[in-house]
Amino acid sequence: MTTYRSPLLDRLPGAVSADGVDAGVAAHYGDLFREQRALAAGQGFVDLSHRGVVTVSGPERLSWLHLLLTQHVSALPPQQATEALILSPHGHIEHALYLVDDGETTWMHVEPGTTGELVAYLEKMKFFAQVEITDATDAYAVVFTPAGSVPPPAAAVRQLPYGYDLFLPRAEFADQLAVADSGPAAGLWAYEALRVEAHRPRLGFETDHRTIPHELGWLKSAVHLNKGCYRGQETVARVHNLGRPPRRLVFLHLDGSNESLPVHGDPIRLASEGPDSRPVGFVTTAVRHYELGPIALGLIKRNTAADVTLLAGSVAASQDVVVEA
């Protein structure tokens, strides 16, 4: 198995590789908070070239994708960014897709390591539809530039309120960024800190094998509640109309006096019941923010009171509500 390594790791000074699923791109370039400030000010770029890229072309691509995804895409206008999920038959999240259509091809980027499984599923559901599915990861790299920047020319662009997801030719994306004078490079840690601040969930971090869209607030951005049938829709409709999700995403303000951050999967407990009590949830992503200090996202039981102090691992934390109980 080939291990990916971005060319920017060797070309840019101070680059330190991320680990885990994000291995192969820079976690930081030596100054985490400077990198965050630059992104927040609309400057620089983030190397996301480890992410998977899938394209779907053909005259029936949008109507066909509409049958499979949680999002309404049958009439998706060209250049309009959207996001969608693929659910299991029981409504659990299996894939998160970040899409844009250019009028001829639907482009999407996905989590590292999920492309093969996604393409296999799409091929299985192709039947007689006039579509062509391509794993384009070897041909295109994803790069993020913040709102306020001037992105370089790209094969496809997802324009978002907070920036641009660019699909750049992989063979030349490093040179293209240099020629375009795209500003200072920011590592994935800076990008993740701003993601946590904005409460944006990420597949594999804020999700586990039983997560449903309602728990993460994905109903607002990735699920259309009035479209036709798709796999898992029955669960989406039932929970939305008749009940509440069993868990909810929360934003955690962590005690800054603790030198270490909790890690993904660390239990969240009620502080009043002590460090050996039964967990009410788990930490999903913890980061250091240039203004807010140590913060995190977590997934906790829906009926946990919003005003109680929590323990995220061994770190005291207060919570802001992201998804209503």
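Conventions we followed
Residues numbered from 1 in each chain as written. Predicted model: local features only at pLDDT ≥ 70, side-chain atom pairs only at ≥ 80, totals over all residues. Heavy atoms only, no water. Buried < 20%, exposed > 50% of the residue type's maximum accessible area, 1.4 Å probe, protein only. Helix = DSSP H or I, 4+ residues; strand = E, 2+ residues; numbered from the N terminus. Arc of directions from axis to C-beta. Contact = heavy atoms within 4.5 Å. Pairing = 2+ DSSP bridges. Axes fitted to C-alpha atoms, helices over the stretch in contact; angles between N-to-C directions. Phe/Tyr/Trp six-rings, centres within 6.5 Å; stacked < 30°, edge-to-face > 60°. Salt bridge = Lys/Arg side-chain N within 4 Å of Asp/Glu carboxyl O. Core = buried A, V, L, I, M, F, W, Y, C linked by side-chain atoms within 4.5 Å.

(A) Main features of helix 7 (residues 233-242). Those residues of helix 7 not exposed but buried are Gln233, Thr235, Val236 and Val239. Along the axis of helix 7, the buried positions cluster into a sector of 165°, meaning they face one direction only. Among the exposed residues of helix 7, those oriented more than 90 degrees off its buried face are Glu234, Asn241 and Leu242. Those residues of helix 7 hidden inside the fold are in contact with strand 5 (82-87).

(B) Geometry of the pairing of strand 18 (residues 315-321). Examined bridge by bridge, strand 13 (residues 247-254) and strand 18 share 5 bridges and lie antiparallel to one another. Within strand 18, the residue paired with Phe251 across the bridge is Asp320. Strand direction decides the pairing type here: strand 17 (residues 310-312) and strand 18, joined by 3 bridges, are antiparallel. In the strand pairing of strand 18, Ala312 is matched with Val315. Following strand 17, the chain reverses through 2 residues before pairing antiparallel with strand 18; Gly313 in that reversal takes a positive phi of roughly 65°.

(C) Local environment of the sheet that holds strand 12 (residues 185-186). Read across the sheet, 5 strands follow the order 10-11-9-3-12 without closing on themselves; strand pairing throughout is mixed. One side of each edge strand has no neighbouring strand; the edge strands of this open sheet are strand 10 (156-160) and strand 12. In this structure, strand 10 lies alongside strand 11 (residues 163-169), joined through 5 bridges in antiparallel fashion. Bridging across to strand 11, Arg158 finds its partner in Asp165.

(D) The arrangement of unusual backbone geometry in detail. For Asp181, which is not a glycine, the phi torsion comes out positive at approximately 50°. With respect to the helices and strands, the residue Asp181 is situated in the loop between helix 5 (173-179) and strand 12. Residue classification places Asp181 among the exposed residues on the basis of a relative accessible area of 64%.

(E) Representation of the sheet that holds strand 13. Spatially, 13-16-15-14-17-18 is the arrangement adopted by the 6 strands of the closed barrel, whose pairing is antiparallel. Recorded for the sheet is a direction-independent mean angle of 45° between the axes of neighbouring strands. Contacts between helix 6 (residues 188-197) and the sheet are confined to strand 13, strand 15 (281-289) and strand 16 (293-301), with strand 15 contributing the most and set at about 120° to the helix.

(F) Structural detail: the packing of aromatic side chains. In total, this model carries 4 aromatic pairs according to the counting rule given. Judged by centre distance (4.9 Å) and plane angle (85°), the rings of Trp107 and Tyr140 are edge-to-face. Of this pair, Trp107 sits in strand 7 (residues 105-110) while Tyr140 sits in strand 9 (residues 140-146); the two residues are 33 residues apart in sequence, bridging distant segments of the chain. Both rings, one in Phe144 and one in Tyr162, keep their centres 6.0 Å apart while their planes meet at 35°; by these two values the pair is tilted. On the criterion of sequence distance, the pair formed by Phe144 in strand 9 and Tyr162 in the loop between strand 10 and strand 11 is long-range, its members being 18 residues apart. An aromatic cluster is defined as three or more aromatic residues linked by ring pairs; in this entry it consists of Trp107, Tyr140 and Phe167.

(G) Focus on the pattern of salt bridges. All told, the structure shown has 16 salt bridges when counted by the stated rule. When the shortest N-O distance is used, the salt bridge between Arg202 and Asp22 registers 2.6 Å. Of the two residues, Arg202 is situated in the loop between helix 6 and helix 7 and Asp22 in the loop between strand 1 (16-17) and strand 2 (26-28); the sequence distance between them amounts to 180 residues. For the salt bridge of Arg61 with Asp101, the shortest nitrogen-to-oxygen distance reads 2.8 Å. Of the two residues, Arg61 is situated in helix 3 (residues 61-68) and Asp101 in strand 6 (residues 93-101); the sequence distance between them amounts to 40 residues. For Asp101, a relative accessible area of 1% translates into the label buried.

(H) Just the nonpolar core, in detail. Leu85, Ile93 and Trp218 are the most contacted members of the largest nonpolar core, which totals 23 residues. When residues of this core are traced back to their parent elements, those giving at least two are strand 5, strand 6, helix 6, strand 13, strand 15 and strand 16.

So yeah, pure geometry; function would need other evidence.
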